[in-house]
Each structure stands twice: as C-alpha cells, then as structure tokens.
Amino acid sequence: MSREPRPIEHYLHGDGHVVIVPARVAAWLERRANLNALRISNRGLDPEVDAVLGALHLGALVWRNSVDGTAPAESAEPQAPCPQWLSTIQVADRLGITDRAVRKAIDRGAIPAENIEGRWFINREDLAHYQTRGDTHGNHGRSARAS
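Note that the structure is predicted; figures quoted are calculated from it, not measured.

Comments concerning the overall build of the chain
Right, so step 1: Helix and strand content of the chain: six helices and six strands.
Right, so step 2: Counting from the amino terminus, the chain carries its helices and strands in the arrangement β-β-α-α-α-β-α-α-β-β-α-β.
Right, so step 3: When burial is assessed residue by residue, the chain has 31% of its 147 residues classed as buried.
Right, so step 4: Put simply, 63% of the contacts in the chain that link residues at least 6 apart link residues at least 24 apart.
Right, so step 5: Total accessible area computed for the chain in this model is approximately 9300 Å², and 56% of it derives from carbon and sulfur atoms.

Written as structure tokens, this is what we have:
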C-alpha cells in the first residue's frame with residue numbers, strides 16, 4: 001500500500017494561496033497536534049480559521065469512519081477495550097503477516113500500541129497510518145506505549 005510521496009506542489013493550488021490537506025493527514029494532525037483543542041479554544045476569533053479547522057475536523061471524521069466502520073473480526077482471544085482497537089491477531093490478519101511479526105513491529109516502535117493486562121492492542125487509525133507508510137521493516141513510527 002506504500003506509495004511514493006507526492007511533491008509539495010501537489011498540495012498547493014491557486015499560486016500557493018490554497019493548501020489541500022488529505023483527510024488521512026487531517027486525522028493525523030488532529031490526533032497528534034491536538035487540533036481539536038486549538039479549534040475549540042480559538043473558536044470565533046477568525047471566521048476563516050474557524051472554517052478551515054472545522055473542515056479539517058470533518059475530513060478527519062469522515063476518514064476515521066471509513067477506517068473504523070467495520071466490526072472487529074471474531075476471535076477467541078480477549079476482546080479489545082472498544083471497537084476502535086484491534087488485537088495483534090486481527091492486525092496480523094489485515095496485514096497478511098504473523099501475530100509475532102506484529103508484536104516485533106510494536107517492539108521496534110513501528111506500530112503504536114497499548115498494553116492492556118499483558119495484551120497488545122492497536123488503534124485502527126494508527127494501523128491505517130502504518131499501512132499508508134508501508135513501514136514493514138524500519139522504525140518510522142512512535143515508540144510503543146505501555147499502560
């Protein structure tokens with residue numbers, strides 16, 4: 001699923017006065033740059049900023065629904081804490097690799113995960129970002145998080 005990154009010019013339109021942000025990137029920014037807090041705390045200060053942050057939020061929601069819209073696969077292992085989380089076996093099935101390979105990717109920080117009662121769970125959004133990056137060998141992700 002990995003593809004060559006598009007050149008910066010691909011995202012600029014109207015002589016650089018308009019920036020196009022893909023919904024997946026909007027979701028990534030919203031989650032990692034805390035855009036929701038920024039959008040809420042600055043609401044009403046600038047109508048154009050409100051509109052852009054609102055559009056980023058809606059784009060992120062649409063993208064998340066496309067990622068989270070399916071029910072988790074049935075499994076004999078303990079269920080994830082909520083539908084947005086997948087077990088290592090579910091992730092392995094989606095990636096076409098072994099459960100052990102998923103745990104190794106978590107260990108090297110390539111796939112962010114939460115350890116709950118000794119079992120790893122992966123957020124569907126983080127999995128979609130991992131799939132888009134196509135990072136199957138390197139360490140381009142954040143470190144695994146233990147709770």
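Looking at the confidence of the model for the chain
Right, so step 1: When pLDDT is averaged across the chain, the result is 77; 80% of the residues are at 70 or more.
Right, so step 2: When pLDDT is averaged over each helix and strand of the chain, the minimum, 42, is found for strand β6 (residues 145-146) and the maximum, 91, for helix α5 (residues 99-107).
Right, so step 3: pLDDT under 50 marks residues 70-76. Its contacts with residues more than four places away, or in other chains, come to eight contacts.
Right, so step 4: A low-confidence stretch, residues 137-147 stays under pLDDT 50, and its non-local contacts, those more than four residues away or across chains, total 34 contacts.

A closer look at the environment of Val62
Right, so step 1: Secondary-structure assignment places Val62 in helix α3 (residues 47-68).
Right, so step 2: Of the residues examined, Val62 reaches a relative accessible area of 58% and is grouped as exposed.
Right, so step 3: A C-alpha to C-alpha distance of 7.4 Å links Val62 and Ala23, two positions 39 residues apart in sequence.

Overview of the nonpolar core
Right, so step 1: Counting 13 residues, the largest nonpolar core has Val91, Val102, Ile106, Ile111, Ile122, Leu127 and Tyr130 as the members making the most contacts within it.
Right, so step 2: Secondary structure elements with two or more residues in this core: α4 (88-95), α5, β5 (119-123) and α6 (124-133).
Right, so step 3: Element by element, the count of residues in this core is highest for α5, at three residues.
Right, so step 4: Leave out the neighbours within four places in its chain, and Leu127 touches Leu86, Val91, Arg94, Leu95 and Ile122.
Right, so step 5: Among the nonpolar cores identified, the runner-up in size contains nine residues, and Leu35, Leu53, Leu56 and Ala60 belong to it.

Describing unusual backbone geometry
Right, so step 1: A positive phi is found at Asn34, a non-glycine position, where the angle reads about 55°.
Right, so step 2: Turning to its location among the elements, Asn34 is positioned in the loop between α1 (23-32) and α2 (35-41).
Right, so step 3: The class of Asn34 is partly exposed, set by a relative accessible area of 48%.

Analysis parameters
Residues numbered from 1 in each chain as written. Predicted model: local features only at pLDDT ≥ 70, side-chain atom pairs only at ≥ 80, totals over all residues. Heavy atoms only, no water. Helix = DSSP H or I, 4+ residues; strand = E, 2+ residues; numbered from the N terminus. Buried < 20%, exposed > 50% of the residue type's maximum accessible area, 1.4 Å probe, protein only. Contact = heavy atoms within 4.5 Å. Areas by Shrake-Rupley, 256 points an atom, 1.4 Å probe, with all protein chains shown as cover. pLDDT = per-residue confidence, 0-100. Core = buried A, V, L, I, M, F, W, Y, C linked by side-chain atoms within 4.5 Å.

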